[in-house]
Amino acid sequence: MRKILMMIGPLACLLSFASIASGQALPLFSESPYQAGFELTYARPDFWVLPIGDPQYSRQYILGVTGYGDYNLTAHLGLEGEFHCICLITSLDRAELSYLVGPRFMFPHRRYDFYAKAMIGMRDLFIQETQDNHGIPSGSGAVYALAVGLDYNYSPNWNIRALEVEVQKWPTYSTNGINPVVISTGFAYRFP
């Protein structure tokens, strides 16, 4: 009996050290439901169209920033709210602001999260230099958007938003509405 205990004792000690040394299989990242992020945003605003705008500016782009927050309900479904302030670099001193919220559908694969989202909210076309933009409709209205993107889980607390492409629809702008395209990249902090 003593020989059996002498063989089992060291084996039991060796196996108990695995849990003390965190040798158990752990998930790659802790799944916190909250994250907040910041993005640089590049947009083709689509509001420089005839007869409203000058044709030389019809292919201009504007640059701005985006802030967003996510709440993940499950591994595949979450809720996202975002604020676009696309007003840092504009060729005609027109800024696009939008406030959107909606569901986000995620498709995780290893450290990558592919996602798609459908959002609804409010938008505002803000004219910074009114004397240069006579006859241009400005103001607030409804907006809805569809987007796809890719997040990279860099560490347990940091995500890199590699790319997001969002197509917005402003149905109440002018008579026919417009469809701005917004491209973003940035990072997010996942709260523990």
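Refer to the structure printed above.
Since this is a predicted model, take the numbers as computed values, not measurements.

K.L.:
Help me out: how do you make sense of the nonpolar core in this one?
P.N.:
Where a protein is soluble and globular, its nonpolar side chains tend to be buried together. Counting residues in hydrophobic clusters, the biggest one holds nine residues: Leu 100, Met 119, Leu 125, Ile 127, Val 143, Ala 145, Trp 170, Tyr 173 and Ile 178. Contributing elements (two or more residues each) for this core: β5 (112-127) and β6 (139-153). For this core, the element with the highest residue contribution is β5, accounting for three residues. Setting aside residues no more than four positions away along its own chain, Leu 100 makes contact with Glu 80, Gly 81, Glu 82, His 84, Met 119, Ile 120, Gly 121, Val 143, Ala 145, Glu 166 and Gln 168.

K.L.:
Hey, could you run me through unusual backbone geometry in this one?
P.N.:
Positioned with a positive phi, Arg 110 is a non-glycine residue whose angle comes to about 55 degrees. If you trace the backbone, Arg 110 turns up in the loop between β4 (94-109) and β5.

K.L.:
How should the sheet that holds strand β2 (residues 62-72) be read in this particular structure?
P.N.:
Whether parallel or antiparallel, the strands of a sheet pair through hydrogen bonds between backbone atoms. In spatial order, the strands read β1-β2-β3-β4-β5-β6-β7-β8; together these eight strands close into a barrel with antiparallel pairing. Adjacent strand axes in the sheet meet at a mean angle of 25 degrees when their direction is disregarded. Two elements, β2 and strand β3 (residues 77-89), share nine bridges in a ladder whose sense is antiparallel. The residue of β3 that forms the bridge with Tyr 71 is Leu 79.

K.L.:
Explain the pattern of salt bridges to me, please; I cannot follow it from the model alone.
P.N.:
When the charged atoms of two side chains with opposite charge come close together, those side chains can pair. By the definition in use, this model includes eleven salt bridges. Put simply, Asp 70 and Arg 161 hold a salt bridge, and the shortest N to O gap is 3.8 Å. Placement of Asp 70 in strand β2 and of Arg 161 in strand β7 (residues 158-169) is noted, with a sequence separation of 91 residues between them. As far as the burial class goes, Asp 70 and Arg 161 line up, both buried. The partner of Glu 82 in a salt bridge is Lys 117, and the shortest N-O contact between them spans 2.9 Å. You can see Glu 82 sitting in strand β3 and its partner Lys 117 sitting in strand β5, a full 35 residues away along the chain. Residue Glu 82 is classed as buried on the basis of its relative accessible area of 4%. Taken together, the shared-partner salt bridges in this structure form one network comprising Glu 39, Asp 70, Glu 80, Glu 82, Arg 104, Lys 117, Asp 151, Arg 161 and Glu 164.

K.L.:
Explain the packing of aromatic side chains to me, please; I cannot follow it from the model alone.
P.N.:
Note on aromatic pairs: each is described by the distance of the centres and the angle between the planes. For the coordinates displayed, the defined rule picks out eight aromatic pairs. Measuring from centroid to centroid gives 6.1 Å for Phe 38 and Phe 187, while their planes differ by 50 degrees, and the two rings are tilted. With Phe 38 in strand β1 (residues 34-44) and Phe 187 in strand β8 (residues 181-190), this residue pair connects regions lying 149 residues apart in the sequence. For the pair Tyr 189 and Phe 191, a centre-to-centre distance of 5.2 Å together with 85 degrees between the ring planes defines the contact as edge-to-face.

K.L.:
Even after reading the chapter, I still don't get the pairing of β1, so can you show me in this structure?
P.N.:
A regular strand places its side chains on the two faces of the sheet in alternate fashion. What you see with β1 is a clean split: Gln 35, Gly 37, Glu 39, Thr 41 and Ala 43 sit on the buried side and Tyr 34, Ala 36, Phe 38, Leu 40, Tyr 42 and Arg 44 on the side with no burial. The sheet contact formed by β1 and β2 spans ten bridges and is antiparallel. Counted as the bridge partner of Thr 41 is Gly 64 from β2. Of the pairings in the sheet, the one linking β1 to β8 comprises ten bridges and is antiparallel in character. In the sheet register, Tyr 42 faces β8, and the bridge partner there is Ile 183.

K.L.:
Explain the pairing of β4 here, please?
P.N.:
As judged from the ten bridges shared by β3 and β4, these two strands associate in the antiparallel manner. Bridging from a neighbouring strand, Leu 77 pairs with Phe 105 of β4. Between β3 and β4, which pair antiparallel one after the other, the connecting turn spans four residues, and Asp 93 there sits at a positive phi close to 60 degrees. Pairing of β4 with β5 involves 14 bridges; the strand directions are antiparallel. Paired with Ser 98 across the strands is Arg 123, a residue of β5. Between β4 and β5, which pair antiparallel and follow one another directly, the connecting turn spans two residues, one of which, Arg 110, has a positive phi of 55 degrees.

The rules behind each value
Residues numbered from 1 in each chain as written. Predicted model: local features only at pLDDT ≥ 70, side-chain atom pairs only at ≥ 80, totals over all residues. Heavy atoms only, no water. Core = buried A, V, L, I, M, F, W, Y, C linked by side-chain atoms within 4.5 Å. Buried < 20%, exposed > 50% of the residue type's maximum accessible area, 1.4 Å probe, protein only. Helix = DSSP H or I, 4+ residues; strand = E, 2+ residues; numbered from the N terminus. Contact = heavy atoms within 4.5 Å. Pairing = 2+ DSSP bridges. Axes fitted to C-alpha atoms, helices over the stretch in contact; angles between N-to-C directions. Salt bridge = Lys/Arg side-chain N within 4 Å of Asp/Glu carboxyl O. Phe/Tyr/Trp six-rings, centres within 6.5 Å; stacked < 30°, edge-to-face > 60°.

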